[in-house]
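Spelled out from the first residue to the last, the chains are:
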Amino acid sequence: MESAGGTGAAGAPASKKDKEGSKSRSRRRWRKVKSKASRLMHSMDLRTMTQSLVTLAEDNMAFFLSQGPGETARRLSGVFAGVREQALGLEPTLGRLLGVAHLFDLDAETPANGYRSLVHTARCCLAHLLHKSRYVASNRRSIFFRASHNLAELEAYLAALTQLRALAYYAQRLLATNQPGALFFEGDEGLTADFLREYITLHKGCFYGRCLGFQFTPAIRPFLQTISIGLVSFGEHYKRNETGLSVTASSLFTSGRFAIDPELRGAEFERIIQNLDVHFWKAFWNITEMEVLSSLANMASATVRVSRLLSLPPEAFEMPLITDPKLTVTISPPLAHTGPGPVLIRLISYDLREGQDSEELSSLVKSEGPRSLELRPRPQQAPRSPSLVVHIHGGGFVAQTSKSHEPYLKSWAQELGVPIVSIDYSLAPEAPFPRALEECFYAYCWAIKHCALLGSTGERICLAGDSAGGNLCFTISLRAAAYGVRVPDGIMAAYPATMLQSTASPSRLLSLIDPLLPLSVLSKCVSAYAGGETEDHSDSDQKALGMIGLVQRDTALLFRDLRLSASSWLNSFLELSRHKSHPKSVPMTEPMRRSVSEAALAQPEDPLGTDPLKSLTLHDLSLRGSSETSDTSELSLSVEALGPSTPSDVNFLLGPEDAREEVEARPELSTKDRGHSGAAFPEGFHPRRSSQGPTRMPLYSSPIAKNPFMSPLLAPDSMLQSLPPVHIVACALDPLLDDSVMFARRLRSLGKPVTLRVVEDLPHGFLSLAALCRETRQAAALCVERIRQVLTLPGPAPPRV
């Protein structure tokens, strides 16, 4: 008895250790698989990889055909037949794209554009299928071979490969239709809308389940899985519980089923990105603004002496003209849409410097509760820095503040040793264009005029921003030049958006598979910034409370929501088990809405996705969505806008020699494919179509998107000539890559100093993930190095010999 009791006492911790060890081994095994797939991709050329995959697929197909009439063997044989078909059909198209991709690079040292990225992504998928096919060929006779698990993964990657083949055909169509050298579709706006309408009918869920983030570095995938589980769980309760913190708490109880069922997660993710409006994304992205989460993030970030939120009063002031400092120009406070109002900025400094504890600056401090105590008087002060960084955060123009970006800004302040001012501009759709531009320009001018209060002498000033913030960095500089005031000494823009029109490009095709920047979400954010997104079903009380007010109100309701959520969690698992025991039963319908887990997944489909909804023709889908049209409200351009540029003002084209080279390099595209541009796919190929119905996405751009202060890529040459040196850090797998490449090419063609550095295998928004892994830390360090180049005072010219 004693012996048995001793074994039982030690069994619990031993079991816990076994579970932890199993999880650790699983993670190591997964990283090993990704590492092998990555080595395969880099060690083989495209043709060799395709031939190897086809050979293995044929071998596996023959083996499972010989295994009898079993369902699993039949499906495995079918999936390898599909892999063979898709690989053989994809390889020639990828070869054509790769053959002309170099014509769209900035230069030979920067081989990056959307065509290259699409080919790279397809190669990643092929490499994974090749590795999995080898594994199946080596282990299919083993008694430990998990046929159902390998079948599910192979079916997921076959669906992904099928959709990537469709994207390759779309890219080929763009190559045949666009003007020589242009990455963006410049055809008639009606043709653009037709292209987007067809493109958004493609099935996307396969990229958000088992295949989530396969194209990125392996260290990113666990984070993406966490984000996707949180997103779909949050979406389950959005509009059902009209509270902020309670939605987050409720989501914790429903996230389990999405964690264990990748197909369910992918389908629900697709439903959310297609059907929920910009207010959902605003609410989800602003979760990081909650005090609890922001405090945890700041605990892991660098410690700084100064982090103060300042409120700039809406008062006009004078700025000297750069051409004649004796003359001044009046800088008026922001007026668009909501009238004069204060502008919030955050001052971050690693050291307490002269002026930062002055009474004048203290009178501008806006209380943030306990956070305002981070600044404590010090007997010793560092002298004013000769430099100042003005930062503008990203967030799609609709979400986040400087608080979300504070962790990496603190690291910048420590590494650069300069004060940083981050601008909290008003967000769309409540404050559309040009409100954010007006506020950022006002804060930029105020920082230059009062740099002594901020702990700087202002000898060197760098504008830095990411995504939407990068866009505002360019437009602020354009506006400063238009006003005749000082422009910054340089700009560091990370993955900026420079083209806000609804237009297709090779890199934007990747938005079909990108979990952080799907096309429909990008379009909704841009539409909100342009003033076209007006739908909001939230009540006026919540708008008045704001994010912090919602958190305080929701705390009182937390325990009630926890009880309700626990009940919902239990019911969901009981319901899931009931569906598994009765797969053909009709799911119940909620009074609010039907979950995709109860509707879409109940429909049977084969590995190639030939269910009735997904096999609808383009004509059928367009008829289904013809009733949904987006109305564009009349918008006025900002006062300083120069009006839409004429075709002669904008030069997207290569030089004459490069254009001739491209035309000569694609003779087969200039005839056959141009005549075939009306049908994107060859006969016999049918990609999977979305089962989520018509996507609620604006297909036509607002006329205001052509304003150069909104889309700097469309600015005429005379305006771009006024920009300071520009340093762009982009992501090779970012849907906005072509924005960076085309903008850098335009500046280079004008003789302006510009650098473009493209980091591999990282997603859009890597600055906010700087502490996640080695790759993101290196990319963030590259941004810091570019800022340091701007802030470094130019040395004396070497003497002539």
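Structure shown above.
Quick caveat, the model's predicted, so the values are computed rather than measured. By convention here, each chain's residues receive numbers from 1 onward along its written sequence. Selection of residues for local features in this predicted model requires a pLDDT of at least 70, selection of side-chain atom pairs for listing and counting requires 80 or more, and totals for whole chains, interfaces and linings are taken over all residues. Hydrogens and waters are ignored; side-chain quantities use all the structure's heavy atoms.

Draft legend 1. Broad picture of the overall build of the chain. Counting from the N terminus, the helices are the DSSP runs of H or I reaching at least four residues and the strands are the DSSP runs of E reaching at least two. A tally of regular secondary structure across the chain gives 25 helices and 10 strands. Note on exposure labels: buried denotes an accessible area under 20% of the residue type's maximum, exposed denotes more than 50%, and partly exposed covers the range between, all computed with a 1.4 Å probe on protein chains only. Within the chain, the proportion of its 801 residues that are buried is 56%. Sequence separation of at least 24 residues holds for 83% of the intrachain contacts in the chain that already meet a minimum separation of 6. Note on areas: Shrake-Rupley with a 1.4 Å probe; residue coverage comes only from the protein chains shown. Of the roughly 34100 Å² of accessible surface on the chain, a fraction of 56% belongs to carbon and sulfur atoms. By the convention used here, residues are in contact when the closest approach between their heavy atoms is within 4.5 Å.

Draft legend 2. View of the packing of helix α7 (residues 221-237) against helix α10 (residues 278-285). At a closest axis distance of 11 Å, the pairing of α7 and α10 adopts a crossing angle of 125 degrees. In terms of orientation, α7 lies oblique with respect to α10. Regarding α7 and α10, the two cross each other, and that crossing is right-handed. In this structure, α7 contributes Ile227, Gly230, Leu231, Phe234 and Gly235 to the contact, and α10 contributes Phe280, Trp281, Ala283 and Phe284. Orientation is described by axes fitted as lines to C-alpha atoms, over the contacting stretch for helices, and by angles from 0 to 180 degrees between their N-to-C directions. Reported orientations rely on four angle classes, namely roughly parallel under 35 degrees, roughly antiparallel over 145, roughly perpendicular from 65 to 115, and oblique for the rest. The hand of a helix crossing depends on one turn: near helix anticlockwise from the far one by less than a right angle means left-handed, and clockwise means right-handed.

Draft legend 3. Here's a closer look at the packing of aromatic side chains. Paired rings are identified among Phe, Tyr and Trp, the last through its six-membered ring, by centres lying within 6.5 Å, and are further divided according to the angle between planes into stacked (under 30 degrees), edge-to-face (over 60) and tilted (the rest). Scanning the model with the defined rule gives 22 aromatic pairs in all. Taking the centre distance of 6.3 Å and the plane angle of 5 degrees together, the rings of Phe64 and Phe80 count as stacked. A residue pair is termed long-range when its members are at least 10 positions apart, and Phe64 in helix α2 (residues 46-65) and Phe80 in helix α3 (residues 71-100) qualify at 16 residues. Phe80 matches Phe64 in its accessibility class, with the two residues each being buried. Their ring planes at 65 degrees and their centres at 6.3 Å tell us that Tyr169 and Phe681 sit as a pair that is edge-to-face.

Draft legend 4. Up close: the pattern of salt bridges. We count a salt bridge whenever a side-chain nitrogen from Lys or Arg sits within 4 Å of a carboxyl oxygen from Asp or Glu. Taken as a whole and judged by the stated rule, the model has 21 salt bridges. Residue Glu153 is joined to Lys132 by a salt bridge in which the shortest nitrogen-to-oxygen separation is 3.4 Å. Residue Glu153 is found in helix α5 (residues 147-177), and its partner Lys132 is found in helix α4 (residues 114-139); the two are separated by 21 residues along the sequence. The two residues Glu153 and Lys132 agree in class, both being buried. Linking Glu439 and Arg435 is a salt bridge whose minimum nitrogen-to-oxygen distance equals 2.8 Å. Of this pair, Glu439 and Arg435 are both found in helix α14 (residues 435-449), four residues apart, which corresponds to roughly one turn of the helix. The same class applies to Glu439 and to Arg435, which are both buried. Among the ionic contacts, a cluster of salt bridges with common partners joins Arg460, Arg486 and Asp489.

Draft legend 5. Layout of the nonpolar core. Only buried Ala, Val, Leu, Ile, Met, Phe, Trp, Tyr and Cys residues count toward a nonpolar core, and they belong to the same one when joined by side-chain atoms within 4.5 Å. Counting 213 residues, the largest nonpolar core has Leu167, Trp412 and Phe766 as the members making the most contacts within it. Of the residues forming this core, the biggest block, 17 residues, is contributed by α5. In contact with Phe766, not counting residues within four places along its chain, are Tyr495, Val729, Cys731, Val759, Thr776, Ala779, Ala780 and Cys783.

Draft legend 6. Quick peek at the pairing of strand β6 (residues 420-424). Along β6, five of the five residues are buried, which leaves the element largely enclosed by surrounding structure. Of the two faces of β6, both are covered, the one formed by Ile420, Ser422 and Asp424 as well as the one formed by Val421 and Ile423. One requirement defines pairing of two strands: DSSP has to find at least two bridges between them. Alignment of strand β5 (residues 385-392) against β6, held across four bridges, turns out to be parallel. Within β6, the residue paired with Val389 across the bridge is Ile420. Between β5 and its parallel partner β6, the chain crosses via helix α13 (residues 402-416), and the hand of that crossover is right-handed. For the handedness criterion, the strands are oriented away from the viewer, and a crossover whose path from the first strand over the helix to the second runs clockwise is classed as right-handed.

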